[in-house]
Amino acid sequence: MFKSAFVALVGRPSSGKSTLLNTLCGAKVSIVSPVPQTTRNSIRGIVTEKRGQLVFIDTPGVHLSEKKMNRRLRAAAEQGLAGADLTLYLIDATRKPGAEEQLVSDVIQKSAWQENLIIAVNKTDAAPADCATIEEFVFSTFNGFDRTRLIMLSALTGSGTDALLDALFDRAHEGPQYYDGDCYTDQEIPFRIAEIIREKCIVHLREELPHCIHVIVEDAELRGGGAVGKLWVRASILTERESQKGMVVGKGGSMIRKIRIAALQELKKIFEWKIELDLRVKSAPDWRQRDEILSSFV
Ligand SMILES: Nc1nc2c(ncn2[C@@H]2O[C@H](COP(=O)(O)OP(=O)(O)OP(=O)(O)O)[C@@H](O)[C@H]2O)c(=O)[nH]1
Ligand SMILES: [Mg+2]
C-alpha cells in the first residue's frame, strides 16, 4: 500500500523547522539562519520512499506580534495547518516554553485534530537542551497526548529523524504520489535563488539589517551549449530605506561581494549549471507594508 500525506511543519521562530525540512529531504529546500523569522513563505519539501510520500509544508514561525507582516506570517502558518493531513509541531528544547510557545499550541489546538498531531522536540544535541521540561509542557498542554507521538530529535545531526518518519508514515493513509520520486521541492528556480541570496544577506548583515531586506530575481537565462550550461541571473536586493543601501554594498563594495560569493558557493551545491550572478541593491521604501510584495512571498 502506498501512503501519502501533507504534513504542516509548525513551531516558534528558530525552533529549527527549516533545518529539519532540509535534513529530511536530504537537500537545501528552505533557508536557515540563527535570526528568528527567516522563513517567509510556505515552502514544500518532499520525501518519497517505497512506503509512500510525505509532502512537508514549512511555515513561517508563529509568534506574538500584531505588525502587518507578522499577521501575514501567522496567517500563512494557520493556512498551512488547515490544508494538511498531519501536523508536525516542533519545539526547541533549548528554550523554556513561555507565552509564545503557548500561542503556537493554541493555534494548533484550534486547527488540528489530536490524532493528526506529532510533536517533535528538537535540538536535543545542544548542551542547554531540557527535554524533561518540554515533556511536562506537552503533557499538561495537550491532555492525554499519546507518548508514541512525541519524538526526540536533532534536526542538525539527523538523530531521531528515522523514528519521526516512521511515526508520520504510521499515521498517513493510503493515497496518491503527488510528486515525482526524484523531486524534493516544488519551488521555482528563481525563487530558490532569491532565497539563497536572502539567506546570505541575513547571515552577513545580521547585526545591521536583520529583516529589512527583500530579494527579487529580475531576470534569469540559461546561456551557452555544452554539457553544463551557464545560468545567468540578475537579482535585486531591496532595502527599506535609502540609507540602508550603503550597508548592503559595504565599503568599496566589500559586503555585496561577500554576499555574492557566499550565495554562489551555496548555489553551486544545489544546481549543476555554472552560475553568473549580477547583484544590484535598490531601496524600495516600505516594501514590508506593501501588499503586492508581501503577497509575492506569503
Ligand atoms: N544545535 C542545534 N541547532 C539547531 C537544530 N536545528 C536548528 N538549529 C539551529 O537553529 C537556528 C534556527 O534554525 P531554522 O531552521 O532557521 O529555524 P526555523 O524554525 O525555520 O526558523 P524561522 O524560519 O525563523 O521560523 C539555526 O541557527 C539552526 O542552525 C538542532 O537540531 N540542533
Ligand atoms: Mg524557517
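None of the values given here were measured: they were computed from a predicted structure.

Student: Could you give me a rundown of the pattern of salt bridges, with the residues and numbers involved?
Tutor: Counted according to the given criterion, the structure contains 20 salt bridges. Linking Glu-49 and Arg-51 is a salt bridge whose minimum nitrogen-to-oxygen distance equals 2.6 Å. Residue classification places Glu-49 among the partly exposed residues on the basis of a relative accessible area of 28%. The closest approach of N and O atoms between Asp-146 and Arg-149, which form a salt bridge, is 3.9 Å. Note on Asp-146: relative accessible area 30%, which makes it partly exposed.

Student: Break down empty space enclosed by the protein for me, with residues and values.
Tutor: A full pass over the atoms with the stated rule returns 1 cavity of 30 Å³ or more. Considered as a void within the structure, the largest cavity measures approximately 40 Å³ in volume. Sorting elements by how many residues they give to the lining of the largest cavity places helix 6 (residues 189–204) first, with 3 residues. The residue makeup of the lining of the largest cavity, split by class, is 4 nonpolar, 2 polar and 3 charged. Two domains each provide a minimum of three residues to the lining of the largest cavity, namely domain 1 (3–174) and domain 2 (189–297).

Student: Explain the nonpolar core to me, and be specific about the residues and the numbers.
Tutor: Among the nonpolar cores identified, the biggest contains 27 residues, and Ile-193, Ile-197, Ile-237, Val-248, Ile-259, Leu-277 and Leu-279 are the most heavily contacted of them. Residue assignment for this core shows that the elements contributing at least two residues are helix 6, strand 8 (213–223), strand 9 (230–239), helix 8 (254–270) and strand 10 (274–283). The dominant element in this core, judged by the number of residues it contributes, is helix 8, at 7 residues. Core analysis: the next-biggest nonpolar cluster, separate from the first, contains 26 residues, Cys-25, Ile-43, Leu-54 and Leu-90 among them.

Student: Could you give me a rundown of the site of ligand 1, with the residues and numbers involved?
Tutor: Neighbouring ligand 1 are 23 residues; Lys-17, Thr-19, Gln-37, Thr-38 and Asp-125 lie closest to it. Between ligand 1 and Ser-18 there is a distance of 2.9 Å, counted from an oxygen atom to a side-chain nitrogen or oxygen. When atoms are counted within 2 Å of each cavity's grid points, the one that captures over half of ligand 1 is the largest pocket. Broken down by element, the shell around ligand 1 gets its largest block of residues, 3 residues, from helix 1 (residues 17–25). Its residues assigned to classes, the shell around ligand 1 comprises 7 nonpolar, 12 polar and 4 charged.

Parameters at a glance
Residues numbered from 1 in each chain as written. Chains lettered and ligands numbered in written order. Predicted model: local features only at pLDDT ≥ 70, side-chain atom pairs only at ≥ 80, totals over all residues. Heavy atoms only, no water. Salt bridge = Lys/Arg side-chain N within 4 Å of Asp/Glu carboxyl O. Buried < 20%, exposed > 50% of the residue type's maximum accessible area, 1.4 Å probe, protein only. 1 Å grid on protein atoms, 1.4 Å probe; cavity = no way out; pocket = protein on both sides within 12 Å on 5 of 7 lines; lining within 4 Å. Points joined across faces, edges and corners; volume = space filled by probe spheres on them. Helix = DSSP H or I, 4+ residues; strand = E, 2+ residues; numbered from the N terminus. Nonpolar A, V, L, I, M, F, W, Y, C, P; charged D, E, K, R; others polar. Domains from an automatic or database assignment. Core = buried A, V, L, I, M, F, W, Y, C linked by side-chain atoms within 4.5 Å. Near = heavy atom within 4 Å. Polar contact = N/O pair within 3.5 Å; in protein donor to acceptor, adjacent residues only side chain to side chain. Sits in = over half its atoms within 2 Å of the grid points.

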